[in-house]
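What follows is the residue order along each chain.
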Amino acid sequence: MPTDPQQSLLRGREFAQASLWIRDLGHLAQHRLARMHLRAANIELTSVEPADSPLVGRFARFPACAFAHVRIPRVTGQWARDAASVDEVTVVVAASGEIEFQSDPPAIVREPNVAVILPGDTPVPFRTTEDANELVYASVDRGIVADLLPPASSAPSGPIRSPEALAPLLAFVQQVCSTGGTDAAASAALHAAARQIVRSLVHIVLSEGEEHRSLFDVATAVVDATHVDPATDTATIARRLQVTPRVLQLEFQRHGTTVTRELRRARVATAKQVRAAAPRLPAPEVARRAGFGSVATMFRALRESEPAPR
């Protein structure tokens, strides 16, 4: 049996999830899967104050990154940090309420209530200060964001430049934490998009300039993550990114494409991957796994994706 908590959670899969509902630390002690997700994230809770609402959380984990979306009362705890965290970068955002980090770097804290915990093995104590707090958490292997990390001598400070750019990224994290079971092809696509979303979060929080990932970049990541759902279209993506469908359409037009075209591109690529991995799989099942509404639609898209004969 694997002893590493991340390996124990994934068990050779691309994606794992858990939900957490606890009243106090005694209740947490009885919730084995939630304890495993907290341990994999190097989080130790040391106190949970009695409150009208319990601690409620959803966790999602991939091989190279992890997410959490929690509603939490007043608690104290720490990122315990160990050998596994030496190469891990974590972003914590208080969507409501407040979280305080009782340390200097490796925690870079910026307004509005956003922090990046840099790689290392020094414990980072924290506490939430309101009766009700909503936190979004994302962690990723250092190698995925190494080019975005500042030198130790020049850590950014003060308010982040583009707090409004966080909203669609946080919405994506919340969606991933609530996603139902997915097959291998869908999980691989979701993992690729998740890595890009974490890069965007780290970039926005640590950037000192005005530049941040564009709506097009974030929307394309959402296309890659959600195209296997046949219900995904321009309207559903716009809702997730908290913009109007018209704004989204204009952004894609500005880049010489359309949302529909990018969804078709992603579905064609997934259909080809599924067919290569399982050549005997019936066409209706290939279409379902790739996000096409019908076999006819899939075959038409595959034909159109091939170069015209000369």
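Notes on the structure in this doc start here. Remember, predicted model here, so these are calculated numbers, not experimental data.

1. Focus: helix α8 (residues 234-241)
Then, in step 1: Among the residues of α8, those classed as buried are Thr234, Thr236, Ile237, Ala238 and Leu241.
Then, in step 2: Check the buried side of α8 and you find it contacts α5 (166-178), α7 (215-226), α9 (245-254) and α10 (259-277).
Then, in step 3: Where α8 begins, one side-chain oxygen reaches toward the backbone nitrogen of Ala235, 3.2 Å away; that side chain belongs to Asp233.
Then, in step 4: Positive backbone phi, approximately 60°, marks Gln242, located one or two places after α8.

2. Brief notes about the pairing of strand β10 (residues 124-128)
Then, in step 1: Residues of β10 alternate between two faces, with Val124, Phe126 and Thr128 buried on one and Pro125 and Arg127 left unburied on the opposite face.
Then, in step 2: Pairing analysis gives 4 bridges linking strand β5 (residues 75-79) to β10, with the strands arranged antiparallel. Note on β10: the bridge partner recorded for Thr76 is Arg127.
Then, in step 3: Across 3 bridges, strand β7 (residues 99-101) lies against β10 in antiparallel orientation. By the bridge assignment for β10, Ile99 is matched with Thr128.

3. Observations regarding the pairing of strand β9 (residues 114-117)
Then, in step 1: Side chains of β9 alternate between two faces, with Val114 and Val116 and Ala115 and Ile117 buried alike.
Then, in step 2: Bridge count for strand β6 (residues 88-96) against β9 is 4 bridges, and the pairing is antiparallel. Bridging across to β9, Val92 finds its partner in Ala115.
Then, in step 3: In terms of strand pairing, strand β8 (residues 107-110) meets β9 through 4 bridges, oriented antiparallel. Of the residues in β9, the one forming a bridge with Ile108 is Val116.

4. What to know about the side chain of Glu262
Then, in step 1: Here Glu262 shows up in helix α10.
Then, in step 2: Glu262 gets classed as buried once you look at its relative accessible area, which sits at 13%.

5. Overview of the packing of α7 against α9
Then, in step 1: Relative orientation of the contacting elements α7 and α9 amounts to 100°, with a least axis distance of 10 Å. Classified by the angle their axes make, α7 and α9 are roughly perpendicular. Together, Leu215, Phe216, Ala219 and Thr220 of α7 and Val247, Leu248, Glu251 and Phe252 of α9 make up the contact between the two elements.
Then, in step 2: Its residues assigned to classes, the contact of α7 with α9 shows 6 nonpolar, 1 polar and 1 charged.

6. Points about empty space enclosed by the protein
Then, in step 1: In the structure shown here, the tally under the stated rule is 3 cavities of 30 Å³ or more.
Then, in step 2: Counted as a void, the largest cavity has a volume near 260 Å³.
Then, in step 3: Residue lining of the largest cavity: 22 residues in total, with Leu38, Ile43, Phe59, Ala68 and Val70 positioned closest to the centre.
Then, in step 4: Within the residue set of the lining of the largest cavity, elements represented by two or more residues are α3 (32-40), β2 (43-48), β3 (55-61), β4 (65-72) and β11 (133-141).
Then, in step 5: Residue contributions to the lining of the largest cavity peak at 5 residues, all from β4.

7. Here's the deal with the pattern of salt bridges
Then, in step 1: Counted by the stated rule, this structure contains 11 salt bridges.
Then, in step 2: Put simply, Arg199 and Asp147 hold a salt bridge, and the shortest N to O gap is 2.8 Å. Taken together, the residues Arg199 in helix α6 (residues 184-206) and Asp147 in the loop between α4 (142-145) and α5 connect sequence positions 52 residues apart.
Then, in step 3: A relative accessible area of 19% means that Arg199 is categorised as buried.
Then, in step 4: Among the residues examined, Asp147 registers a relative accessible area of 58% and is labelled exposed.
Then, in step 5: Between Arg265 and Asp224 there is a salt bridge whose closest N-O contact spans 3.1 Å. Of this pair, Arg265 sits in helix α10 while Asp224 sits in helix α7, and the two are 41 residues apart along the sequence.
Then, in step 6: Residues joined by salt bridges that share partners form a network here, namely Asp224, Glu262 and Arg265.

About the criteria used
Residues numbered from 1 in each chain as written. Predicted model: local features only at pLDDT ≥ 70, side-chain atom pairs only at ≥ 80, totals over all residues. Heavy atoms only, no water. Buried < 20%, exposed > 50% of the residue type's maximum accessible area, 1.4 Å probe, protein only. Helix = DSSP H or I, 4+ residues; strand = E, 2+ residues; numbered from the N terminus. Contact = heavy atoms within 4.5 Å. Polar contact = N/O pair within 3.5 Å; in protein donor to acceptor, adjacent residues only side chain to side chain. Pairing = 2+ DSSP bridges. Axes fitted to C-alpha atoms, helices over the stretch in contact; angles between N-to-C directions. Parallel < 35°, antiparallel > 145°, perpendicular 65-115°, else oblique. Nonpolar A, V, L, I, M, F, W, Y, C, P; charged D, E, K, R; others polar. 1 Å grid on protein atoms, 1.4 Å probe; cavity = no way out; pocket = protein on both sides within 12 Å on 5 of 7 lines; lining within 4 Å. Points joined across faces, edges and corners; volume = space filled by probe spheres on them. Salt bridge = Lys/Arg side-chain N within 4 Å of Asp/Glu carboxyl O.

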